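# Geometric and topological summary
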Amino acid sequence: NITTNQNWYYIGNALFVDAGMSGVDMISRYNKADGKWEEEPVSDAVAPFDAFFVQYSGDYAMSASLERTNAPMRDRKVAIEKYCLNIVGEGVEDKTYLYFEDEASAEGYVIGEDFLSFATIGGANTEIYTYEDDIDFSFNTRPLENTFVKVGLYVGKAGRYTISLDNISGNAESMILYDTYEQDFARLHLGETYTFDSERGSFDDRFAVAVTYAPSTT
């Protein structure tokens, strides 16, 4: 009945061989060198008895294959577009993922309780995330179409920060970050970054990303 750590699961590959995992997009591991939890997309076969955390509510499956593949088959839907928004500044960094899929449906992840943050909650960390209505996402799954994504931000320390884009796997015509406070923008798809100054606090009304697939669409 405790909801603070809702939907955290420790899962893994119980097979004696490498296996592809279906039903889960993101996993989280602890990096001893950095002393931080790091979230990563599922992009390779999982080694025997390898285990990790996920924040996911649903079914997943492991299936052995004769050959190791870079993209294990998934049983329900295939992620077509994957992007990552990064924020760096004042000695900290954070990221949030944007997925665009056929027949996508939203799955909620709570800010401050996702795996990039749960070990270091306390106000000193800066977090970037996306949101819709009253749901915050550590990664956000959207239909494969032109869209406008609201970007939330928690700044743990006042200072200067830079937002950039990693194109993991995507073909969007454009991805533009808007700053409503400064009435400014950055064309992230062209490799531009956006640097800004911020006070400490939560800012859910400052940033948004417009994603366009057709050049003729405004």
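Refer to the structure printed above.
Everything quoted here is computed from the prediction, not taken from an experiment.

Rules behind the numbers
- Every chain is numbered independently, its residues counted from 1 as its sequence is written.
- At least 70 in pLDDT is required for a residue's local features to be given in this predicted model, at least 80 for side-chain atom pairs to be given and counted, and no such filter applies to totals for whole chains, interfaces and linings, which use all residues.
- The side-chain numbers reported here are obtained from all heavy atoms of the structure, hydrogens and water having been left aside.
- Buried residues are those whose accessible area, probed at 1.4 Å on protein chains only, stays under 20% of the maximum for their type, while exposed residues exceed 50% and partly exposed ones sit between those limits.
- Secondary structure follows DSSP: runs of H or I at least 4 residues long count as helices, runs of E at least 2 residues long count as strands, and numbering of each begins at the N terminus.
- Any two strands are treated as partners once DSSP identifies two or more bridges connecting them.
- Two aromatic rings from Phe, Tyr or Trp, using only the six-membered ring of Trp, form a pair when their centres are within 6.5 Å; if the ring planes differ by under 30 degrees the pair is stacked, by over 60 it is edge-to-face, and anything between is tilted.
- Axis geometry follows a simple rule: fit a line to the C-alpha atoms, using only the stretch in contact for helices, then measure angles between N-to-C directions, giving values from 0 to 180 degrees.
- Patch membership requires more than 30% relative accessible area and the absence of a salt bridge. Residues of like charge join within 9 Å; the nonpolar side chains Val, Leu, Ile, Met, Phe, Trp and Tyr join within 5 Å.
- Only the protein chains shown count as cover for residues, and the accessible areas themselves come from Shrake-Rupley with a 1.4 Å probe.
- Any Lys or Arg side-chain nitrogen found within 4 Å of a carboxyl oxygen on Asp or Glu counts as a salt bridge.
- By nonpolar core is meant a set of buried Ala, Val, Leu, Ile, Met, Phe, Trp, Tyr and Cys residues that side-chain atoms within 4.5 Å join together.
- Residue contacts are defined here by distance: any two heavy atoms, one from each residue, within 4.5 Å place the two residues in contact.

## Considering the pairing of strand 11 (residues 139-143)
- Among the five residues in strand 11, four count as buried, and that is most of the element.
- Here strand 8 (residues 92-101) runs beside strand 11; their pairing, made up of five bridges, is parallel. Bridge pairing links phenylalanine 100 to arginine 142 in strand 11.

## Some thoughts on the packing of aromatic side chains
- For the structure on display, the rule yields twelve aromatic pairs.
- Site record: aromatic cluster; members linked through ring pairs are Tyr161, Tyr194, Phe196 and Phe207.

## Remarks on the sheet that holds strand 12 (residues 147-155)
- Ordered in space as 10-9-12-17-14-15, the six strands form an open sheet in which the pairing is antiparallel. Each having just a single partner strand, strand 10 (135-137) and strand 15 (184-187) make up the two edges of the open sheet. Neighbour-to-neighbour, the strand axes of the sheet open up by a mean angle of 35 degrees, direction not taken into account.

## Focus: a nonpolar patch on the surface
- Together, Leu15, Phe16, Val17 and Phe49 make up a nonpolar patch on the protein surface, roughly 430 Å² of accessible area in all.
- Relative to the assigned elements, phenylalanine 49 resides in the loop between strand 4 (36-41) and strand 5 (51-55).

## Remarks on unusual backbone geometry
- Despite not being glycine, phenylalanine 49 has its phi angle at roughly 65 degrees, a positive value.
- Looking at phenylalanine 49, the relative accessible area reads 53%, which means it is exposed.
- The phi dihedral of glutamine 183 falls on the positive side, at around 55 degrees, and the residue is not glycine.

## Quick notes on the environment of tyrosine 97
- Structurally, tyrosine 97 can be placed in strand 8.
- Residues tyrosine 97 and tyrosine 83, spaced 14 residues apart in sequence, show a C-alpha to C-alpha distance of 5.8 Å.

## Some remarks on the nonpolar core
- Judged by nonpolar contacts, the single largest core of 23 residues is most densely connected at Phe196 and Phe207.
- Within the residue set of this core, elements represented by two or more residues are strand 7 (79-89), strand 8, strand 12, strand 13 (159-169), strand 14 (174-179), strand 16 (194-198) and strand 17 (201-212).
- Once residues lying within four places of it in the same chain are set aside, the contact partners of phenylalanine 207 are Lys150, Val151, Leu153, Ile163, Leu177, Tyr178, Asp179, Tyr194 and Phe196.
- With ten residues, the next largest nonpolar core counts Ala19, Val24, Ile27 and Met62 among its residues.

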